[in-house]
Amino acid sequence: MTGSNEKVLSGKEVAQHNSRESCWIIVHGKVYDVTDFLDDHPGGSKIILKYAGKDATAEYDPIHPPDAITTHLPPEKHLGRVDPETVLKVEVQVSDQEKARQERVANRPPLTEILNLHDFEAIARFVMPEKAWAYYSSAADDEITNRENHAAYHRIWWRPRILRDVTNVDFSTKILGHHTKMPLYISATALGKLGHPNGELNLTWAAAKHGVIQMIPTLASCSFDEIVDNAKPGQVQFLQLYVNKDRSITQKFVQHAEKRGIKALFITVDAPQLGRREKDMRQKFDAEDPAEVTENKQQDKVDRSQGAARAISSFIDPGLDWKDIPWFQSITKMPLILKGVQCWEDALQAYDVGLAGVVLSNHGGRQLDFSRSAIEVLVEVVRELKKQRGLTFPNEKFQLFVDGGVRRANDVLKAIALGATAVGVGRPFLYAFSSYGFEGVDHALNILHDEFEMNMRLLGARNLKEVVPEMVDASSLQSHIVAVPGDRLYDSNYESMQHARLREVKSKM
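What follows is about unusual backbone geometry. Phi is mostly negative for residues that are not glycine, and the peptide bonds are mostly trans. Phe 393 connects to Pro 394 through a cis peptide bond whose omega is 0°. Relative to the assigned elements, Pro 394 resides in the loop between α17 (374-389) and β14 (399-403). Phi angles above zero are rare outside glycine, and His 28 is one such case at about 50°. Mapped onto the fold, His 28 is located in the loop between β2 (24-27) and β3 (30-33). Look at His 28 and you get partly exposed, because its relative accessible area is 44%. Positioned with a positive phi, Glu 143 is a non-glycine residue whose angle comes to about 60°. Mapping Glu 143 onto the fold places it in the loop between α7 (130-137) and α8 (144-151).

Neither face of strand β11 (residues 265-268) is left uncovered, since the one carrying Leu 265 and Ile 267 and the one carrying Phe 266 and Thr 268 both have all their residues buried. Here strand β10 (residues 237-241) runs beside β11; their pairing, made up of three bridges, is parallel. The partner of Leu 241 across the bridge, within β11, is Ile 267. As a crossover connection, the stretch from β10 through helix α11 (residues 247-259) into β11 is right-handed. Pairing geometry for β11 and strand β12 (residues 336-341), over four bridges, is parallel. Counted as the bridge partner of Thr 268 is Lys 339 from β12.

The next subject is the packing of aromatic side chains. Evaluation of the coordinates by the stated rule reveals twelve aromatic pairs. For the ring pair Tyr 135 and Tyr 136, a centre distance of 6.1 Å and an interplane angle of 55° mean the geometry is tilted. Here Tyr 135 and Tyr 136 have matching classes, each one buried. By way of ring pairs, the aromatic residues Tyr 185, Phe 238, Phe 266 and Phe 401 are connected into one cluster. Just above the ring of Phe 126 sits the side chain of Arg 125; from NZ or CZ to the centre is 6.0 Å. It is Arg 366 that lies over the ring of Tyr 135; its NZ or CZ is 4.9 Å from the centre.

This paragraph deals with helix α9 (residues 201-210). For α9, the tally of buried residues reaches seven of ten residues, placing the bulk of the element in the interior. Of the residues making up α9, those classed as buried are Leu 201, Asn 202, Leu 203, Thr 204, Ala 206, Ala 207 and His 210. Next to the buried residues of α9 lie β8 (184-186), β9 (213-216), α10 (224-229), β10 and α19 (427-459). Two residues or fewer past α9, Gly 211 is found with a positive phi of approximately 70°.

Looking now at α17. With 16 residues, α17 extends 21 Å between its outermost C-alpha atoms, agreeing within 8% with the 22 Å of an ideal straight helix rising 1.5 Å per residue. Along α17, the residues classified as buried are Ala 374, Ile 375, Glu 376, Val 377, Leu 378, Glu 380, Val 381, Val 382, Glu 384 and Leu 385. Buried residues in α17 make contact with α8, α16 (344-352), β13 (357-360), β14 and α18 (409-417). Gly 390, located one to two residues past α17, shows a positive phi value of around 70°.

Parameters at a glance
Residues numbered from 1 in each chain as written. Predicted model: local features only at pLDDT ≥ 70, side-chain atom pairs only at ≥ 80, totals over all residues. Heavy atoms only, no water. Helix = DSSP H or I, 4+ residues; strand = E, 2+ residues; numbered from the N terminus. Buried < 20%, exposed > 50% of the residue type's maximum accessible area, 1.4 Å probe, protein only. Pairing = 2+ DSSP bridges. Right-handed = clockwise from strand over helix to strand, strands pointing away. Phe/Tyr/Trp six-rings, centres within 6.5 Å; stacked < 30°, edge-to-face > 60°. Lys NZ or Arg CZ within 6 Å of the ring centre and 35° of its normal. Contact = heavy atoms within 4.5 Å. Expected span 1.5 Å × (residues − 1).

Next comes the structure, spelled out in structure tokens:
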């Protein structure tokens, strides 16, 4: 039943269904029977059973789009509305740890003291909930690639030009034919509400203000339509796509995105299986299983092995293949870009099958550890595609993008000099809104704008066409052991990985 005829249930009735045998939950004032879904839930049954018979909205919101539950549960499991006056509230006890975090939030420095993107990360590390920080900051295995992504830029040195009139510098460009005021885009990152209640909308608003392009993630906390609805008229947005095992769902999503005005589709190709992100994984071992699980001897079935990442990614198709590309080309007229290319051979094949470009990326170091940095792969791709197909870069017909490890406009300009059209920036904007909301992202983009202006002048480049390969010395880029001055800001933010630890021993006294 819908509308005025929708059944209204009392909180008392809902509360009776609080076990594995009959599990109802409330989300946004609606009641759902999730009994049959418990063992299929990607995050395990534990978290659902914790809210059995209760309102689960507060736990649900940060890691699910608003329409996730209505999409994945059959209509007969949608039981009706709940009378809000009768709902059994989940008693939220503020722990000493949370009180200390809130005190740190109150003691954040003013934005005027945030001078660079590293500063946002430093503050976010102290003010974010531990689970959210673990999800955003974690990377694969020993996190070698995660750190190499940033370190690689340190092996590229400038050869600036002098005595050029740099009174006016222009660092605007076009990405896939669309204007942007800076040669960067806001890369797709999942679960924005883990860091801030407005989630990805912080990025949408800031992108509009600064004239840059936002890439919307498949796994956003906000719904796709909510993000598009918050864009200003004419604002350009791209979509990052994880391909569903059920291709009909993917087709529906892609075609809906195109109708909503999305200008390009970035298909993620580096995640047939989730990488082991151990900082995130350790978060799953902290909480005891609820009695509903342990008393029914179900605890061994609860998947606690992958942290927040596991809870959102089980639908991704590991069978995605080159033979699927023609199908994508048949269902949309949007430009198609492969996100996650890591060698020249795959970049060449993408060109040969008629795609619009590739993102050279290792997923922020979150997938295969010891993957090379995107900036190193860029040099290889530019060299080989010129040799194999006579292409020169940047190239309007086949565009190269990189992401991962960028913290300065200086880094972006190195990628531009080496042939990239633009650079994706992800985590720094997450840290900006996790610590300061929209104002944080706004300030981060102001910082980058000022850095671009200064660096362009110091390079002797009046526009991006003058940022050329001859301006950089990348001869040490492939030398993975080479002495360069350490980046103290980056290193001080990096949180070392931890071993397994003994449980805390509590005294019986």
